[in-house]
Amino acid sequence: MKVYVDIGQYWPPSLSLNAVYEELLLQGRKIDRRTLSGAKAGTLTKSEFVTLIKLRDWLRERTNNPDLTIDDLLIQKPD
């Protein structure tokens, strides 16, 4: 089984990758642009746990959904 981080469905449509990177940086949640790009595309397979927490927290604020979990950001696919 493969597990991917996929935040595409939660990504604000009006924001570019660079705008999100800058927003997160200003909030003290630095996440590499390549990591953001992979997570947005649903192709991110490796990341630090702290990155998942940063993404979850940012998306909770963006979507106004305090119940959003890290599991909501993961997609499982068979090999």
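Residues numbered from 1 in each chain as written. Predicted model: local features only at pLDDT ≥ 70, side-chain atom pairs only at ≥ 80, totals over all residues. Heavy atoms only, no water.

**A closer look at the nonpolar core**
Stage number 1. One finds Val5, Ile7, Val20, Leu36 and Leu55 to be the most contacted residues of the largest nonpolar core, which totals 17 residues.
Stage number 2. Looking at this core, the elements that each hand over two or more residues are α1 (17–26), α2 (33–41) and α3 (49–63).
Stage number 3. Per-element accounting of this core gives the leading share, 4 residues, to α3.
Stage number 4. Other than its neighbours up to four places away in sequence, Leu55 contacts Val5, Ile7, Ile31, Leu36, Ala39 and Leu73. (Core = buried A, V, L, I, M, F, W, Y, C linked by side-chain atoms within 4.5 Å. Buried < 20%, exposed > 50% of the residue type's maximum accessible area, 1.4 Å probe, protein only. Helix = DSSP H or I, 4+ residues; strand = E, 2+ residues; numbered from the N terminus. Contact = heavy atoms within 4.5 Å.)

**Some points on unusual backbone geometry**
Stage number 1. Positive phi, close to 55°, is recorded for Asn64, a residue that is not glycine.
Stage number 2. With respect to the helices and strands, the residue Asn64 is situated in the loop between α3 and β2 (74–77).
Stage number 3. For Asn64, a relative accessible area of 67% corresponds to the exposed category.

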